[in-house]
Amino acid sequence: QKFDPDMKLANPNNRTIEVLQQMLEYYSQTADQWRVLAYRKAITALRKQPNKIVTRAQARAIPGVGERLADKIEEIVLTNRLRRLENTNNTPEDLIIQEFLGVYGAGLPQASKWVAQGYRSLEDLLERAPLTKQQRIGVERHSDFAQRIPRKEVEAHGAIVRKAVQAVDRDMQVIIAGSYRRGALTCGDVDCLITKPGASLEQIRTMMLGLVVPKLFSSGFLKASLAISSHQDGSKWHGASALPGTTLWRRIDLLFVPDAEIGAALIYFTGNDIFNRSMRLLARKKGMCLNQKGLYTDVLRNQQVKLNGGRLVEGRDERRIFSVLGVPWRPPEHRIC
Ligand code: DCP
Ligand code: MG
Ligand code: MN
């Protein structure tokens, strides 16, 4: 269900949702994925309520709202605010950690470590902290990477990658996935799936890392590499790119996908992450396993622990993965949970 600004005005739980949204944003910066999930569920559920939810009991009666969240909803309605929210932003350390979490590649452990070591600002990090090459880029380009990318610009980045890819091999394909494929008007990064009919991962990776990526660096489009999976079945290159004549760096992910896995990869990299989670959960309930490589059946589990990987049912055909799971086809624009 997409967020509709007109709905926001009409929704009687507008203010509550707004405060919960702020909490969600806070938790999504602390890598507390369970809380993020709980808040997202509660917000989605509240949006569907025709009446204003005022008491803890009313909130508790909504599916998807647990006890602790019900308490918070009541507190928001009564006080028009949430104490916890003020506490979370209270200490200066918290604010600094939040700023540091915006650095590409820095998770909570790294961000807290920097604070514990006495660094107080991005300038501090740049001047005094021992940074890896990638961390330095993350800090220097912090404000670039924080900016959303308009859809048209995502397309332009994709087109440059496609041109370079197809100059090497006419049959290679570039599909822009992620929030772009879900129809978002602005995106956090550019997610490019690189594939080719009949090709293996090895073939695609060799072509990309050996020819295309170096070429895109020398043409000046690629600016920096931030993460490359170097292990044997490594399948990604994360970095930064800029359109010709511009100075703004964007985050770009190149994801190498063998033909046999393109359907499962399309599902995984289209997301969103919550939609993925519910698809994986559904697969598990049916004794199957869904990951970014395929849908597997006859997976033997003993108390949650996977005993064997199962048998591949489908990896290539996105629609067929939906139908084997018994899920009616959902176009990417509707995969927002
Ligand atoms: N993904 C996932 N779980 C994660 C990270 C990613 O399932 N922990 C999947 C779902 C995402 C997709 O990969 O939709 C792409 O990841 P991004 O981080 O690029 O997220 P989006 O493209 O969805 O959003 P944004 O516009 O912020 O890039
Ligand atoms: Mg993305
Ligand atoms: Mn991405």
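Residues numbered from 1 in each chain as written. Chains lettered and ligands numbered in written order. Predicted model: local features only at pLDDT ≥ 70, side-chain atom pairs only at ≥ 80, totals over all residues. Heavy atoms only, no water.

A.B. asks: I'd love a proper account of the coordination of the magnesium ion (ligand 2), names of residues and values included.
C.D. replies: Every protein donor of the magnesium ion (ligand 2) is accounted for by Asp189 (OD) and Asp191 (OD), and the metal-donor separations fall at 2.0 to 2.1 Å. Between the two metals, the magnesium ion (ligand 2) and the manganese ion (ligand 3), the spacing is 3.5 Å, and Asp189 donates to both. For the pair shown, Asp189 and Asp191 are each scored as buried. (Donors = N, O, S within 2.8 Å, 3.2 Å for Na, K, Ca; no water. Buried < 20%, exposed > 50% of the residue type's maximum accessible area, 1.4 Å probe, protein only.)

A.B. asks: Would you mind going over the packing of helix 3 (residues 33–47) against helix 16 (residues 273–285) in detail, with residue names and values included?
C.D. replies: At their nearest, the axes of helix 3 and helix 16 sit 12 Å apart, and the two run at 95 degrees to each other. Taken together, the axis directions place helix 3 and helix 16 in an arrangement best described as roughly perpendicular. Residues Gln33, Trp34, Leu37 and Arg40 of helix 3 form the contact with helix 16, whose participating residues are Asp273, Ile274 and Arg277. Its residues assigned to classes, the contact of helix 3 with helix 16 shows three nonpolar, one polar and three charged. (Axes fitted to C-alpha atoms, helices over the stretch in contact; angles between N-to-C directions. Helix = DSSP H or I, 4+ residues; strand = E, 2+ residues; numbered from the N terminus. Parallel < 35°, antiparallel > 145°, perpendicular 65-115°, else oblique. Contact = heavy atoms within 4.5 Å. Nonpolar A, V, L, I, M, F, W, Y, C, P; charged D, E, K, R; others polar.)

A.B. asks: So, the nonpolar core: which residues are in play, and what are the values?
C.D. replies: Counting 28 residues, the largest nonpolar core has Val161, Ile194, Met208, Ile252 and Leu254 as its most contacted members. Among the secondary structure elements, those contributing two or more residues to this core are helix 12 (151–168), strand 2 (173–176), strand 4 (190–195), helix 14 (201–218) and strand 7 (250–256). In terms of residues, this core owes the most to one element, helix 14, which gives seven residues. Among the nonpolar cores identified, the runner-up in size contains 23 residues, and Val36, Tyr39, Val65 and Ile73 belong to it. (Core = buried A, V, L, I, M, F, W, Y, C linked by side-chain atoms within 4.5 Å.)

A.B. asks: Requested: an account of the pairing of strand 4, with residues and values cited.
C.D. replies: Across the six residues of strand 4, six count as buried, placing the element largely inside the fold. Here strand 4 shows no split at all, with Val190, Cys192 and Ile194 on one side and Asp191, Leu193 and Thr195 on the other all buried. For strand 2 and strand 4, the ladder comprises four bridges, and the chain directions are antiparallel. Considered in strand 4, the bridge of Val174 is made with Ile194. (Pairing = 2+ DSSP bridges.)

A.B. asks: Break down the coordination of the manganese ion (ligand 3) for me, citing the residues and quoting the values.
C.D. replies: Those protein atoms acting as donors to the manganese ion (ligand 3) are Asp189 (OD), Asp191 (OD) and Asp253 (OD), and they sit at 2.0 to 2.4 Å. In primary sequence terms, the donor set of the manganese ion (ligand 3) follows D-x1-D-x61-D. You can call Asp191 buried: its relative accessible area is 11%.

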